[in-house]
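# Results of the structural survey
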Amino acid sequence: MALHHRSSVAIGVAESRQIQSMVRSQVGGRAAEDRASRSVPRIEDGVLLRGAARFIDDIALPGMLHACFVRSPIAHGRLRGTDTSNARAIAGVHAVLAYADLRPLMTGDRMPAALASAMVKFHVDPPWLVKDEACYVGEPIAIVIAESRRIAEDAARLVDLDMEALPAVIDARHGLLPDSPKARLDCPNNLVGETAVRYGDLDAAFSRAAHHLTERFRLHKGGGHSLEPRGVVARYDAVLDHYTVWDSTQAPHRAKVFLRELYGLFEHQVRFIAPDVGGGFGPKAVIHPEEMALPAAARLLGRPIKWIEDRLESFYTTAMERDQEWEVEAAFDADGKLRGIRGKLFHDHGACSPYGMATPFNAVTNLVGPYILPAYQIDIAWCLTNMAPVAPTRGAGRPQGTFVMERLLDRAAALAGIGRDEIRRRNLIPGDRMPYQTPVVTRDGLPMTYDSGDYPECQRRALNATGWDEFPARQAAARTAGRWIGLGLANYVEGTGRGPFESAAVRIGPSGKIVVTTGATAQGQGTKTMLAQLVGGVFGVHAADIHVIDGDTDASPLGFGAFASRQAVTAGNAAFIAAQQVADKVKKTVASLLEVAADDLDLIDGFVQVKGVPDMKRSLGDVAKILNGAPGYALPKGVTPGLAASSDYEPPAITYTNGCHLVEAEVDIATGNVRLHRYIVVHDCGMMINPMMVEGQVLGGVVHGIGMTLFEWMRYDQEGQPTTITYADYLLPTADVVPRVEIHHMESPTPLNPLGVKGAAESGTIGAPSAIVSAIEDALRPLDIRINELPITPERLLVLIRSSQRRA
């Protein structure tokens, strides 16, 4: 019999509800406080607070060299030649490697990033090094490898690039015009993808509507800007013909697939490890060229090589979100009910396709939000440009789609003469209609179905927590005193727990230590604690007593990693199911040994004991030792060798988190400065495993959303040169501008998985821009200000204020 039992699990709704009831009531010994739905200390924090964590730059291997990449200085150009002689002459330089040097180790010129999709007109896989055409500033052309990073940087400046400048595409709308230059010479045009999300009778919706709105929005969203930048350490073992790559990534299994395919290897020849990772926020889920080029360099030189991204590289080479331009029309009844929305979205896709077409599609499907929308059509056009590749950052397009809907609702409320809260109440999906199937089909081919929640109640709680009805009196008094304050609100949904699956295994050895391995990947969000808490609840032990191994492709052969607010849903359920299987085996074994029924046994504090007879017990280590077997002796009747189980949990569908944000803002009309005084979130992510960690994720998302709305702006000039390449120019929200954020919880367990959980990591970002801009417009209501562009910086807001004052 196999030592490991692996199950691929798809559980029905009825069974999921039965298991949810069991999870909520599951208590064991002194581990009662660690069961699901309790705030327990994070098991990761000890090593982090003591400075004992191991991040990518902490890895030091014998004989290790250091790399610096030579990058394109222009946005678009032909590479006619590379002179490396001066760089190679520097003392301490071991090699300067370009495309021709690494190509013999590769199976192709491009990274295998293509994702099958009907939206794609042609694939544009990223090059691992430039061969003959550079398509954005910072695209890697060569690698300098030296004794130190300092020497490598000095030598990289001496590499002479012979480049012929070509016209650059820097605007998605202009890039789709017939006379536009091509962003890539090897592509037929710049329209790399197109699709439409459509349903309902739009002609009838608009012909019968009492109110019509037409708006244009230009929405910018910047990068991930994690505390730790990207980094790679690569080692090649010539004896074993094996690559080990330490990578500050959200997706080590995806990186392994890329490297294996690109190098033409077998699975056993590649191991990727994500060590402690200091934040990801989306860009680290993208596999970048450096991750593919460095292992080949390590093989050629026969030495381990480290590359750590500096902040300059973070700005102009790391994947980011950027600009979306929307043209929309909306139709409403006289009472403010939505009839239909139609329009177009032009999306800046960047210079290649490292991560499919997810971001604008998410934006368009998320626009529908928690509302009843009878008819809808948005045409999406993806345009190649000569700027850094675009891929999801926290929120992944959803804040933009939500922004469009929420601004339309505020403006329709003014047209219809009703309150902003009331127009939303009239359009929100009632709680008694859950689950609610929209006509939208998601990119996995399933209908977008909201599984649980009470959206009107969520808004009601948020309004009450804020004192919505009392605010107009406060606002009038403030205006009398010369202060411009406003209150804004926004509702949102977020699809979470995306599949196809995630893996987890639970095993116990003779030491009695419970070990969890998983394809999930920690980025600082508490993944280890979440899994340990769930497994600890099954075995009746503290989360701190469980060892979790994540982000290692040798520890877990299958996995997808961290993205799309998915790991609590996918890895959490996988770990819980595997733990249940091991616990059942423990009870079955001890029942045979003690000649009692398995139902008469409890798992408490690392022991299996007979209920009411605490002296009749066996330790988990004893059981594992028995199931490891002894030569010549039979195992207990009816049990198989080993104390381990694995589960590949397959969620049947996406599960939808929702929330309502309200924020009070004050505007200084002399400077355009915006200060946020109070921020309220009512958030529903189903059953919470650890409410403290949920609040941390929601709070972090809100701060990210504040940055997107008021500060973060990645700017380029007309030649495609980035102009915001330090944090003096690209502003992030700091402690002095982030208000106190009050988070209130609702729990509407999803029937779609055994734990009843939904994701939470990105949702705080989604409602923030809409709520903040709603508050700013409310504060400036006498000036009739309309904000259609993000970020709304003081300079931009001052232009709108002065224009309104001139009109008056």
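Calculation notes
Residues numbered from 1 in each chain as written. Predicted model: local features only at pLDDT ≥ 70, side-chain atom pairs only at ≥ 80, totals over all residues. Heavy atoms only, no water. Pairing = 2+ DSSP bridges. Helix = DSSP H or I, 4+ residues; strand = E, 2+ residues; numbered from the N terminus. Axes fitted to C-alpha atoms, helices over the stretch in contact; angles between N-to-C directions. Parallel < 35°, antiparallel > 145°, perpendicular 65-115°, else oblique. Left-handed = near helix turned anticlockwise from the far one by under 90°. Contact = heavy atoms within 4.5 Å. Nonpolar A, V, L, I, M, F, W, Y, C, P; charged D, E, K, R; others polar. Salt bridge = Lys/Arg side-chain N within 4 Å of Asp/Glu carboxyl O. Buried < 20%, exposed > 50% of the residue type's maximum accessible area, 1.4 Å probe, protein only. Expected span 1.5 Å × (residues − 1).

## Some details on the pairing of strand 23 (residues 601–604)
Note that strand 23 and strand 24 (residues 607–610) share four bridges and pair antiparallel. Bridge pairing in strand 24 places leucine 601 opposite valine 610. Linking two consecutive strands that pair antiparallel, namely strand 23 and strand 24, is a turn of two residues; a positive phi of about 55° is found at aspartate 605 within it.

## A few points about the packing of helix 15 (residues 527–539) against helix 16 (residues 567–594)
Taken N-terminus to C-terminus, the directions of helix 15 and helix 16 make an angle of 30°; their axes are 9 Å apart at the nearest point. Our classification of the angle between helix 15 and helix 16 gives roughly parallel. The handedness of the crossing between helix 15 and helix 16 comes out as right-handed. Here Thr527, Met530, Leu531, Leu534, Val535, Val538 and Phe539 of helix 15 come into contact with helix 16, specifically with Gln567, Ala568, Ala571, Gly572, Ala575, Phe576, Ala579, Gln580, Val582 and Ala583. When grouped by side-chain class, the residues that make up the contact of helix 15 with helix 16 number 13 nonpolar, four polar and no charged.

## Description of the pattern of salt bridges
Here the structure, examined in full by the defined rule, presents 56 salt bridges. Ionic pairing is found between arginine 80 and aspartate 162, a salt bridge with its closest N-O pair at 3.3 Å. Note that arginine 80 is positioned in strand 3 (residues 77–83) and aspartate 162 in strand 7 (residues 160–165), a separation of 82 residues in sequence. Taking relative accessible area as the criterion, arginine 80 reaches 54% and is therefore assigned exposed. The partly exposed category is assigned to aspartate 162, whose relative accessible area is 37%. As a salt-bridge pair, glutamate 457 and arginine 461 come within 2.9 Å of each other at their nearest N and O atoms. Taken together, the residues span about one helical turn, with glutamate 457 and arginine 461 both in helix 13 (residues 455–466) at a distance of four residues. For arginine 461, a relative accessible area of 36% puts it in the partly exposed group. Overlapping salt bridges, with partners in common, bring together Arg71, Arg149, Glu153, Arg230, Glu290, Glu309, Asp310 and Glu313 in one network.

## Focus: helix 16
When the terminal C-alpha atoms of helix 16 are compared, their 39 Å separation across 28 residues agrees well with the 40 Å that a helix rising 1.5 Å per residue should span. Counting buried residues in helix 16 gives 21 out of 28 residues, a clear majority hidden from the surface. Looking one or two residues past helix 16, glutamate 595 carries a phi angle of roughly 55°, positive in sign.

## Observations concerning the sheet that holds strand 27 (residues 655–668)
The mixed open sheet is built from four strands, whose spatial order is 19-27-28-29. Edge positions in the sheet fall to strand 19 (484–496) and strand 29 (741–746), since each of these pairs with one other strand and no more. Averaged over all pairs of adjacent strands, the angle between strand axes in this sheet comes to 20°, irrespective of strand direction. Both strand 28 (residues 673–684) and strand 29 contribute to a ladder of six bridges, which runs parallel. Its bridge partner lying in strand 29, aspartate 684 is registered against methionine 746.

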